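Summary of the model geometry
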Amino acid sequence: MVEQHEHSHHAHNANKKTLMLSLIIIASFMLVEVVGGILTNSLALLADAGHMLSDSLSLFIALMAFTFSGKVADYSKTYGYKRFEILAAVINGATLILISFFIMYKAIDRFQHPVDIASKGMMIIAFIGLFVNVLVAWIMYRQADVKENLNMRAAYLHVMSDMLGSVGAIVAAFFIMFFGWYWADPVASILVAILVLRSGYLVTKSSVHVLMEGTPDNVKVETIIQSILNTEGVKDLHDLHVWTITSGLNALTCHVIVDEEMTVGASEKIIQDIGANLLPLNVHHITIQLESSTHQHDDSVLCKIMPRIR
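This text gives an overview of the structure that appears in the document. (Residues numbered from 1 in each chain as written. Predicted model: local features only at pLDDT ≥ 70, side-chain atom pairs only at ≥ 80, totals over all residues. Heavy atoms only, no water.)

Looking now at the pairing of strand β1 (residues 236-246). Burial runs high along β1: 10 of the 11 residues are buried. In the sheet, β1 pairs with strand β2 (residues 249-258) via eight bridges, with the strands oriented antiparallel. By the bridge assignment, histidine 241 is partnered in β2 with threonine 253. The antiparallel pairing of β1 with β2 creates a hairpin that spans two residues between the two strands, and glycine 248 there sits at a positive phi of about 80 degrees. (Buried < 20%, exposed > 50% of the residue type's maximum accessible area, 1.4 Å probe, protein only. Helix = DSSP H or I, 4+ residues; strand = E, 2+ residues; numbered from the N terminus. Pairing = 2+ DSSP bridges.)

Here the focus is the packing of helix α7 (residues 221-229) against helix α8 (residues 264-278). At a minimum axis separation of 9 Å, α7 and α8 run at an interaxial angle of 150 degrees. Taken as a pair, α7 and α8 cross one another with a handedness that is right-handed. Where α7 approaches α8, its residues Ile224, Ser227 and Ile228 are matched on the opposing element by Ile274, Asn277 and Leu278. Split into classes, the residues belonging to the contact of α7 with α8 amount to four nonpolar, two polar and no charged. (Axes fitted to C-alpha atoms, helices over the stretch in contact; angles between N-to-C directions. Left-handed = near helix turned anticlockwise from the far one by under 90°. Contact = heavy atoms within 4.5 Å. Nonpolar A, V, L, I, M, F, W, Y, C, P; charged D, E, K, R; others polar.)

Tracing the backbone shows histidine 255 in strand β2. Looking at histidine 255, its side chain comes within polar contact range of the side chain of glutamate 291, at 3.2 Å. (Polar contact = N/O pair within 3.5 Å; in protein donor to acceptor, adjacent residues only side chain to side chain.)

On to the packing of aromatic side chains. One pass over the full model with this rule turns up eight aromatic pairs. A centroid spacing of 4.8 Å and a plane angle of 25 degrees characterise the contact between phenylalanine 179 and tryptophan 181, whose relative ring orientation is stacked. Residues tryptophan 181 and tryptophan 183 carry aromatic rings whose centres are separated by 5.3 Å and whose planes lie at 20 degrees to one another, so their mutual orientation is stacked. Take tryptophan 181: its relative accessible area is 32%, and that puts it in the partly exposed class. (Phe/Tyr/Trp six-rings, centres within 6.5 Å; stacked < 30°, edge-to-face > 60°.)

Glycine aside, negative phi is the norm for most residues, and most peptide bonds take the trans geometry. Its identity is not glycine, yet glutamate 213 carries a phi of approximately 55 degrees, on the positive side. The exposure class assigned to glutamate 213 is partly exposed, which follows from its relative accessible area of 47%. At asparagine 282, a residue that is not glycine, the phi angle is positive and equals roughly 70 degrees. Residue placement: asparagine 282 occurs in the loop between α8 and β3 (285-292).

The subject of this paragraph is a nonpolar patch on the surface. Where nonpolar side chains cluster on the molecular surface, the patch consists of Phe111, Phe174, Phe178, Phe179, Trp181 and Trp183 and spans about 650 Å² of accessible area. Counting residues per element, the nonpolar patch draws most heavily on helix α5 (residues 150-179), which supplies three residues. Its location among the elements puts phenylalanine 178 in helix α5. For phenylalanine 178, a relative accessible area of 54% puts it in the exposed group. (Patch = residues over 30% accessible without salt bridge, like charges linked within 9 Å, V, L, I, M, F, W, Y side chains within 5 Å. Areas by Shrake-Rupley, 256 points an atom, 1.4 Å probe, with all protein chains shown as cover. Salt bridge = Lys/Arg side-chain N within 4 Å of Asp/Glu carboxyl O.)

Written out as structure tokens, the structure reads:
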């Protein structure tokens, strides 16, 4: 457990440092892209700059989330502030969705009112933007937990979406420069907006699932039930609940039925055995109530719809 805590603390600090560096790089180039978008009259660049603004905000929110989540638990927040990371992920995901709809709206308006675009300047800035986004994405992927941590994954998807925006701007600039297809600018914006919308939807869906205390994606309830029932001295179980407190921290509570004559020492061993067996199954915070068959509580809805495995 000590090694797991140290690993979690190291990952937490690595995520914070990565977010800080990424925020500085993204915010700096965002100003360049805003000026470039205005000078070249490119919607694709301005859309990407707007997305970079949302990136800067999302990275800042994510950074604040890591700061608050590290606060010590107290009587008013017995789990501490770890859920702040999930709230930040929801905000970031919702921001991605809003940004995608705004880009689509502006692209439709550009179809109706086309304008001249300085394609050479647009391409140069888009290439620089692509390099910046690739650099930030690489830093995040190498130094932070973008797979398990929802907060980091949301920030990472923001940057990946920006990368796609830069690619779209480059392609649009190419068609405008060599073929005079000015409609390529709003088309590229719409395609990027669709990809941004998908990213925002996935992040928001995962975050809301955590807030609704749904079963973690990396936990198999059937395997957990089987593991507990296979523990020596366990007769049955009910009122099983598994949920995620924050990224990388899954919790479990359940009532376990044992013999009424069981000694205190035997009861403690059962709890220790269950905890040791569940740790490899991605369950980290375990609370178990032991009770005899004559004093057990009514089954919860969860156990009524789930077959008991012997």
